[in-house]
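So you can see what is in the structure, the chains are spelled out below.
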Amino acid sequence: MIIPEYLKKNDNIGIVAPARQVSIKDVEECKKYAEQRGYNVIYGNNLFGKNNQFSGTDEERAADLQFFLDNPDIKAIICARGGYGTVRLLPYLNFNKFIAKPKWIVGFSDITVLHSVMSKINISSIHAPMCLNYSDENFDKGSIEKTFDLLEGKSFEYSFPSNVLNKQGISRGVLVGGNLSVLYSLRATDYDLDTSDKILFFEDIDEYLYHIDRMIMNLRIGGFFNRIRGLIVGEMKDMKDNTIQFGKNAYEIIAEHVNDYEIPVCYGLPAGHGNVNYPLILGQEVELRVEKECKLSLR
C-alpha cells in the first residue's frame, strides 16, 4: 500500500461535499479546528451547491473532488458529510494524477465508496469523522483530535471492552472496510473489496435487521469471510425491526454467520455513526487482539 505524505504545518486541506448538501454552519467548525492545528483550508467551488438532496449536480460535485485529487498543493481532502451520492461521481473521476501524487482522503459512511477505490489502487485512506461532526456539540472531541493525529503520522492503540459474542485470538493484516451497506452495494463491481488476508471492519446505521442478515449472507456466500484474518464490527446504530420481530440484534445476526470461521472477531469498536468515532487508517497493517478486552494497534 502507498501511504500519502503525513501533514505538516501550513499544508493545504480541501473540503468537498461528494454527496448530500451542506451549509456554511455545517463546515465552519471543521475549518476553524484545522486552522487552529496550523493548516490552510480551501473550500470546493461547489461546496454549498444545491441540486435536490445533493450538493450540486453530479458533474459539479465531481469537478470539486477532481480538482482536489489533481492539485499537488492539496495534502488532504476532508469530506463534509455523507448521506448518499458519492457513487454517482465515479463515472466522472480520473485518478491518474492522484496515483502519481496521492493525498489523504478522510470520511466515513457514504465515503466508503472512495475508501473502496483507494483499496483498489493501493493507497491508504482514513475512515474518520467528517465536517458535519465537528459542528455537533455532542460529538466526541477526542475522535476529532485523533483524526488529525493520524494525519500527522502518530500511532494509536485502541482498547475497548469485550463482548460476550467475541471470538478470541490475535491476528495481523491490512485493515479494509467501511459502511456495510455501501460495501454491499459495490459487490460485483470493479470496486468490490478484496478481503484476502485482510482484517475487515464494518459498521452501519438505520437498517432493518432482516436487511443486515441479507447483507451478511451475501458476504458469507460470496467468500468474504473465507479470506479474512479477522473481523471488527463497529457500531450498528439505530437498527429497525418489523412488527413480527427478527429475533436477534445486529451483533447476534453477524455472529451466527461468522462463528464457524477460525478468526478473531470483536464487536463494539466505537467507530461509525455514534458520538464517538475513532479514526482508522485503511490500507495499512494493524494488529487485532481479542482477549479479555479488545485491542487494535494502528501502525
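To start, this report covers the structure provided alongside it. (Residues numbered from 1 in each chain as written. Predicted model: local features only at pLDDT ≥ 70, side-chain atom pairs only at ≥ 80, totals over all residues. Heavy atoms only, no water.)

### A short note on the overall build of the protein chain
Rules: Under the scheme used here, helices are H or I runs from DSSP no shorter than 4 residues and strands are E runs no shorter than 2 residues, and both carry numbers assigned from the N terminus. Throughout, the radius of gyration refers to the C-alpha atoms, and the reference size of a globule is 2.2 Å times the residue count to the power 0.38. Any residue under 20% of the maximum accessible area for its type is buried, any over 50% is exposed, and the rest in between are partly exposed; the area is computed with a 1.4 Å probe on protein chains only. Note on contacts: a residue pair is in contact if any heavy atoms of the two residues lie within 4.5 Å. Only the protein chains shown count as cover for residues, and the accessible areas themselves come from Shrake-Rupley with a 1.4 Å probe. Charge assignment: positive for Lys and Arg, negative for Asp and Glu; neither His nor the chain ends contribute. Lysine's charge is taken at NZ, arginine's at CZ, aspartate's at CG and glutamate's at CD.
Across its full length, the protein chain carries 10 helices and 13 strands. Whereas a compact globule of 299 residues would reach a radius of gyration of roughly 19 Å, the protein chain reaches 18 Å, a difference of no more than 12%. If one aligns the C-alpha atoms of the protein chain with their principal axes, the spans along those axes are about 50 × 40 × 40 Å. Within the protein chain, the proportion of its 299 residues that are buried is 57%. Taking the intrachain contacts of the protein chain between residues at least 6 apart in sequence as the baseline, contacts between residues at least 24 apart amount to 79%. Put simply, the protein chain shows about 12,500 Å² of open surface, and 45% of that area lies on carbon and sulfur atoms. Each charge sign in the protein chain was given a centre, from 34 positive and 40 negative side chains, and these centres are 3 Å apart.

### Quick notes on the packing of helix α8 (residues 209-221) against helix α10 (residues 250-258)
Selection rule: Angles here are taken between N-to-C directions and fall from 0 to 180 degrees, while the axes themselves are lines fitted to C-alpha atoms, restricted in helices to the stretch in contact. Roughly parallel here means an angle under 35 degrees, roughly antiparallel means over 145, roughly perpendicular means 65 to 115, and every remaining angle is called oblique. Crossing handedness follows the turn of the near helix against the far one: under a right angle anticlockwise gives a left-handed crossing, and clockwise gives a right-handed one. Only Asp, Glu, Lys and Arg are considered charged in this grouping, and only Ala, Val, Leu, Ile, Met, Phe, Trp, Tyr, Cys and Pro are considered nonpolar; every other residue, Gly among them, is considered polar.
Put simply, α8 and α10 touch, their axes get as near as 10 Å, and they point 25° apart. Here α10 runs roughly parallel to α8, going by the angle between their axes. Relative to α10, α8 is oriented so that their crossing is right-handed. Of the residues in α10, those touching α8 at L209, I212, D213, I216, M217 and R220 are A250, I253, I254 and H257. For the contact of α8 with α10, the class distribution of residues is seven nonpolar, one polar and two charged.

### With respect to the sheet that holds strand β4 (residues 104-107)
What counts, and what does not: Two strands are said to pair when DSSP picks up at least two bridges between them.
Overall, mixed pairing links the six strands, which are arranged β2-β1-β3-β4-β5-β11 in an open sheet. Sheet topology places β2 (40-43) and β11 (280-282) at the edges, where each strand pairs with a single neighbour. The mean inter-strand angle of the sheet, taken between neighbouring strand axes irrespective of direction, is 25°. Note: strand β1 (residues 12-16) against β2, four bridges, orientation parallel. When the bridges of β2 are listed, I13 appears paired with V41. Where helix α2 (residues 58-70) meets the sheet, it contacts β1, β2, β3 (74-79) and β4, and its direction lies at approximately 165° from that of β1.

### Concerning the nonpolar core
Where we set the bar: Working definition of a nonpolar core: buried Ala, Val, Leu, Ile, Met, Phe, Trp, Tyr and Cys residues. They are joined through side-chain atoms within 4.5 Å.
In this structure, F148, I232, L269 and L296 are the most contacted members of the largest nonpolar core, which totals 46 residues. Apart from residues lying up to four places away in sequence, F148 is in contact with I13, Y33, A34, R37, Y39, I78 and Y134. Counting 27 residues, the second-largest nonpolar core is a separate cluster that includes L183, I228, M236 and I263.

### Here's the deal with the sheet that holds strand β13 (residues 293-298)
Strand order in this open sheet of seven strands is β6-β13-β12-β7-β8-β9-β10, and the pairing throughout is mixed. Taken across any chain shown, the strands that pair with only one partner, and hence form the sheet edges, are β6 (156-161) and β10 (265-267). Between one strand axis and the next, the sheet turns through 25° on average, direction left out of account. Relative to strand β12 (residues 285-290), strand β7 (residues 169-179) is paired through six bridges, and the arrangement is antiparallel. By the bridge assignment for β12, I170 is matched with R289. Running over the sheet, α10 touches β8 (198-205), β9 (230-237) and β10 and is turned about 160° from β9.

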